[in-house]
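# Close look at the chain arrangement
The residues making up each chain are set out below.
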Number of protein chains: 2
Amino acid sequence: MVVELISVGTELLLGNIVNTNAQYLSEQCASLGLSLYFQTVVGDNKERLESTIELAISRSDIVILTGGLGPTNDDITKESVANVCGLPLIMDEATKKDIEEYFKNSIYKEIPESNWKQAMIPEGAITLKNDNGTAPGLIVKKGKKTIILLPGPPNELYPMFQEKVIPYLTQSQPQVITSTTVKICGIGESQVEDRIKNLIESQENPTIAPYAKTGEVHLRITAKAVDEKEGKKLIRPVVQKLKRKFGNFIYTTKEETLEEVVVNLLKKENLTLSTAESCTGGMLGSRIVNVSGASDVYKVGYITYSNKAKRKYLDVKKETLKKYGAVSKETAREMAKGGAFKSGTDICVGITGIAGPNGATEEKPVGLVYISCFYNNHTYVNKYVFKGNREKIRQQAVTKALDTIRRCVLNETI
Amino acid sequence: MVVELISVGTELLLGNIVNTNAQYLSEQCASLGLSLYFQTVVGDNKERLESTIELAISRSDIVILTGGLGPTNDDITKESVANVCGLPLIMDEATKKDIEEYFKNSIYKEIPESNWKQAMIPEGAITLKNDNGTAPGLIVKKGKKTIILLPGPPNELYPMFQEKVIPYLTQSQPQVITSTTVKICGIGESQVEDRIKNLIESQENPTIAPYAKTGEVHLRITAKAVDEKEGKKLIRPVVQKLKRKFGNFIYTTKEETLEEVVVNLLKKENLTLSTAESCTGGMLGSRIVNVSGASDVYKVGYITYSNKAKRKYLDVKKETLKKYGAVSKETAREMAKGGAFKSGTDICVGITGIAGPNGATEEKPVGLVYISCFYNNHTYVNKYVFKGNREKIRQQAVTKALDTIRRCVLNETI
């Protein structure tokens, strides 16, 4: 079954709000095994909305519209669908009653006139009661095609979709979609693709799709099957193949972030952590603290952007800074070692680099970052040259630092 | 001029990511005075992508496509546009050189074969150099219609749009659009709107449009005029009116961020700063370090997520933590004071709060944050209850902390 989304609202076309409804519905449709080929956003304009509905009906089995069901004159979704389907609008007594009920305990003394418009439905439509607002959802049939109209506010849309639309859709759906994401760090997107090009091309069910994140690559494996159990059975051997190909570059095959993996690994090994950041200025600490309960392992973070602070808080030697500079292997080494000793933690990771746009020299380009890790009486240091703007360079450095902790603890060469 | 957006990417149709690019581009187009009637999302499928491009060209003057310019087989945007326009793809030597340059200092030993695909362009296209990746942007003409192809990753898309697409689009507009943004912090969006409702409604040229950012409200004043000078002349009295209405809630009317304003203010006043962060875990430091040259004023940051670290690094008393808890006015006060004394800086700002989803109690809900600021032998502390998820609460706290520094120095009550 092919489904299509139409989001109605001028505020989306003006960029006033982000279309999170489209993401929510897309994810839901994917997990129901429905194929979604198009999402369209169109404004509160009769002609353009009707042509969009007509096009969608012509190429998809199910059309889901969100927004434009409100009480005002701008709200024309229902009217447009009725018009395209050649159906008159009639008063729905049950909905009228629901609206009366809804207003009974509200702050309003009387029901605004415009709200009665919301009790009008295209003849023959199924109504979906709205427990969180006054606009009911609607299911309209046009021949074999199904048109579903849902309210725009997420707090009305989500429960209505979960409680009323999913049961309606699954009764006519033969297959479910199951997916797993294999998350990789430490190897670039095109290198990942080059290694599994044949695998991607030869797969039909499950399929493998790569997604590049900053400093990471995610491989999404998606299977269609009669139920979730069968889907997982199809996915398992593919995950095994990927594990053989990428080994410890894979940091997880579960729904968890890199920082969660790191914090959980440290918890498991009973290790404590501190951070010593220069160019990233606390961004690494911030990602670690993203993990609820990180304080069990993360003891302290030093943000030492100035040379003075590197000396005072991390015991970096004056001569080292003078001879090699703040962005150097030697300074990075002393940052991690000094941080670990000062804080008394098992591990300290240090970051020093040139995030740009200023500060570069001929030998030290923008993007040059040294990442160090003190662990088990040894300090590992690696040099990187990251691409991109200031923000992207810092994000890559932070991701690489998290991966460095992971690999140090796993006893990998980094 | 009518513009239309096409976002290309199966990850959008699967709901893996939210289409923030569409919001960004819509906002930009609106401020350039372009009319946007449709946004479409379509997957990496040749037939569907080409029919979408054809439809868009038929009804709009300018079609902007994002995504699908990567090196892999999935990436077919360029090929589809070339096909619809009847143009062959040819090797662009300048882009080829850029790609070589891009990989020169990277971690890759050799350039992946698939990346050469990115140097192929539709004959006659204008290339837009990508400073943050390997896929160039492209401008293709088909009769009077303009098709603009841009990379999908936001960190590549945004700078390319700002630096290359806006100048291209404005040169073909008979009137120039000039705009100024008045940035406000410390007062909510609806309060801002209430105060200037009449002003917004009565304005035609320039227009005033409010945009809510996390913890901030930006008012964008946009004028259409024959040249920039005339535009600025129209804008000036509106800015004056807003200044009278909002006073020091306005932190700037220039193209600068809150953290830039804070760092420059401290530089001007010859003041030094340290930070003491708990729930934000370094996010404040990271924003300050965003400002190139922040090390002149920002001496050190303490990330003290655990109680132990608060005691050890900030001299927070054991009894204070025991009696009032880590998230309290008293702890916040000692964090700022202790941080300032330990670091020897003129100012120290402290943040402690409950970012959730765990850790809340009946008296201390998720979103409760205390922000303290030591300055001039006095410690100011304020209590906030922020709304939203963990990330959003932390972002609001950081913005408020930056504003707190600004107002302390400006001798405002906070």
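Our subject is the structure listed above.
On a predicted model such as this, the values are computed, not experimentally measured, just so you know. (Residues numbered from 1 in each chain as written. Chains lettered and ligands numbered in written order. Predicted model: local features only at pLDDT ≥ 70, side-chain atom pairs only at ≥ 80, totals over all residues. Heavy atoms only, no water.)

## Here's the deal with the nonpolar core
Quick reminder of the rule: To form a nonpolar core, buried Ala, Val, Leu, Ile, Met, Phe, Trp, Tyr and Cys residues must be joined to one another through side-chain atoms within 4.5 Å. The classification of residues rests on relative accessible area computed with a 1.4 Å probe and restricted to protein chains. Under 20% of the type maximum is buried, over 50% is exposed, and intermediate values are partly exposed.
Leu266 and Ile347 of chain A together with Leu266 and Ile347 of chain B are the most contacted members of the largest nonpolar core, which totals 78 residues. Counting 27 residues, the second-largest nonpolar core is a separate cluster that includes Tyr313, Leu321 and Ala336 of chain A together with Cys348 of chain B.

## Focus: the pattern of salt bridges
Residues and elements named next belong to chain B. What counts, and what does not: What counts as a salt bridge is simple: a side-chain nitrogen of Lys or Arg found within 4 Å of a carboxyl oxygen of Asp or Glu. Numbered from the N terminus, helices here are DSSP runs of H or I no shorter than four residues, and strands are runs of E no shorter than two.
Enumeration over the complete set of coordinates arrives at 25 salt bridges over all chains. Linking Glu334 and Lys317 is a salt bridge whose minimum nitrogen-to-oxygen distance equals 3.5 Å. Linking Glu334 in helix α13 (residues 329–343) with Lys317 in the loop between α11 (307–314) and α12 (318–324), this pair joins segments that are 17 residues apart in sequence. Assessed through its relative accessible area of 16%, Glu334 is described here as buried.

## Thoughts on the side chain of Thr181 of chain A
All names here are of chain A. The cut-off we apply is this: By the convention used here, residues are in contact when the closest approach between their heavy atoms is within 4.5 Å.
Its place among the elements puts Thr181 in strand β9 (residues 176–185). The class for Thr181 is buried, based on a relative accessible area of 8%. In this structure Thr181 touches His218, Leu219, Arg220, Thr252, Thr253, Lys254 and Glu255, once residues within four positions along its chain are discounted.

## Points about the state of the cysteines
Residues and elements named next belong to chain B. This is how the line gets drawn: Here, the term disulfide refers to a pair of cysteine sulfur atoms separated by no more than 2.5 Å.
What the rule picks out here adds up to zero disulfides over all chains. Of all cysteine sulfurs, the one in Cys373 lies closest to Cys408, which takes part in no disulfide; the gap is 3.5 Å. Judged by its relative accessible area of 1%, Cys408 is buried.

## Re the sheet that holds strand β11 (residues 216–225) of chain A
Residues and elements named next belong to chain A. This is how it is decided: Should DSSP find at least two bridges between two strands, the strands are regarded as paired. For helices, the axis comes from a line fit to the C-alpha atoms of the stretch in contact; other axes are also lines fit to C-alpha atoms, and the angle between any two N-to-C directions lies between 0 and 180 degrees.
The antiparallel open sheet is built from four strands, whose spatial order is β10-β11-β9-β12. Every interior strand has two partners, whereas the edge strands, β10 (207–213) and β12 (250–252), have only one. Across the sheet, the mean angle separating the axes of adjacent strands is 35° when strand polarity is ignored. As paired elements, β10 and β11 share seven bridges and run antiparallel to each other. Bridge assignment links Ile208 to a residue of β11, and that residue is Ile221.

## Comments concerning the packing of aromatic side chains
What counts is decided by this rule: Two aromatic rings from Phe, Tyr or Trp, using only the six-membered ring of Trp, form a pair when their centres are within 6.5 Å; if the ring planes differ by under 30 degrees the pair is stacked, by over 60 it is edge-to-face, and anything between is tilted.
In this structure the tally under the stated criterion is ten aromatic pairs over all chains. Pairing Tyr313 of chain A with Tyr302 of chain B gives two aromatic rings, centres 5.8 Å apart and planes at 90°, and the pair type is edge-to-face. One end of the pair, Tyr313 of chain A, is in helix α11 (residues 307–314); the other, Tyr302 of chain B, is in strand β14 (residues 298–303), on a second chain. The class of Tyr313 of chain A is buried, set by a relative accessible area of 10%.

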